[in-house]
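Residues per chain are reported as follows:
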Amino acid sequence: MQISNAEFYKSVYKYEDCPRLQQPEVAFSGRSNVGKSSLINRITRQKKLARTSNTPGRTQSLNYFNIDDKFYLVDLPGYGFANVPQKVKDDWAELIDTYLNYRENLIGVVQIIDSRHKPTKDDKMMVEWLQASGLSYLIVATKVDKISNNKKAKQKKLIYKELSLTREDNFTFFSAQSGEGSKDVYEYLDFLMQL
Ligand code: GDP
């Protein structure tokens with residue numbers, strides 16, 4: 001897949017406000033600060049399409065991006081940020097939960113984790129949910145430029161173990177800095193578009 005045109009379409013704060021669209025949707029999920037915006041910007045080759053920030057948890061909406069009129073990339077709110085009131089956390093969880101459970105246009109999820117660390121409790125919860133849902137998903141372990149080649153193999157093992165992944169699962173390392181793994185993300189999007 002080549003992405004030539006990616007445009008912001010709409011932010012959705014309540015599930016009921018999701019747009020009535022024909023095109024399929026691919027959701028991008030991950031904890032705050034994991035590098036989700038950087039990944040989206042990298043694969044769409046735009047510097048500021050998704051807002052990157054060091055203030056995790058700022059985005060509380062589902063952000064819709066129109067990709068070449070072919071599909072919508074839906075940037076889910078980052079989860080797992082500690083210094084957020086419980087009520088706000090609950091609202092995010094409900095929005096993400098409702099979207100993932102009920103959205104008929106949703107054909108796949110790109111689940112982003114940090115390649116340097118053991119997956120968090122929330123990462124595990126997300127992946128367990130994906131595994132139980134039957135939805136297609138790709139696990140992307142980002143910021144791989146920050147670890148050595150030796151450590152990569154070790155981290156992959158740890159991630160597979162912690163998230164109960166098997167050889168059947170789609171997994172790639174990624175770096176928004178070097179572009180490593182972009183090809184795998186494009187291939188996964190191509191695969192989804194053929195479903
Ligand atoms: P988000 O909150 O998940 O959207 O995370 P951001 O994309 O805003 O990234 C959080 C921080 O990690 C920023 O300082 C980014 O520059 C940095 N970052 C994101 N991806 C990478 C990567 O692949 N490599 C490196 N070295 N830093 C990254």
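Refer to the structure printed above.
Read on for an overview of the structure. (Residues numbered from 1 in each chain as written. Predicted model: local features only at pLDDT ≥ 70, side-chain atom pairs only at ≥ 80, totals over all residues.)

**Thoughts on helix H1 (residues 36–44)**
For an α-helix, 3.6 residues make a turn, and residues three or four places apart therefore share a direction. For H1, the set of buried residues is Lys36, Ser37, Leu39, Ile40, Arg42 and Ile43. Buried residues along H1 sit in contact with strand E2 (25–30), strand E4 (71–75), strand E5 (106–114), strand E6 (136–142) and helix H5 (182–193). Among the residues trailing H1, Arg45 stands out with phi positive, at a value near 55 degrees. (Buried ≥ 20, exposed ≤ 12 C-beta atoms within 10 Å, placed from the backbone. Helix = DSSP H or I, 4+ residues; strand = E, 2+ residues; numbered from the N terminus. Contact = placed C-beta atoms within 7 Å.)

**Topic: helix H2 (residues 86–102)**
Given a rise of 1.5 Å per residue, 17 residues ought to cover 24 Å, and the 24 Å separating the end C-alpha atoms of H2 matches this to within 8%. Looking at H2, one finds that the buried residues are Trp92, Ile96 and Tyr99. Mapping the buried residues of H2 onto a view down its axis gives an arc of 65 degrees, with all of them on the same face. Residues of H2 that are exposed and angled more than 90 degrees away from the buried face: Gln86, Lys87, Asp90, Glu94, Asp97, Asn101 and Tyr102. Contacts from the buried residues of H2 go to strand E3 (62–67). (Expected span 1.5 Å × (residues − 1). Arc of directions from axis to C-beta.)

**Digging into the pairing of strand E7 (residues 170–173)**
As defined by bridge partners, E6 adjoins E7 across four bridges and the pair is classed as parallel. Along E7, the bridge assignment pairs Leu138 with Asn170. In the classification by handedness, the crossover that spans E6, the intervening helix H4 (residues 149–162) and the parallel E7 is right-handed. (Pairing = 2+ DSSP bridges. Right-handed = clockwise from strand over helix to strand, strands pointing away.)

**With respect to unusual backbone geometry**
The phi dihedral of Lys143 is positive, around 60 degrees, even though this residue is not glycine. Secondary-structure assignment places Lys143 in the loop between E6 and H4. In this structure, Ser164 takes a positive phi of about 50 degrees despite not being glycine. Of note, Ser164 is situated in the loop between H4 and E7. You can call Ser164 exposed: it has 11 C-beta atoms within 10 Å.

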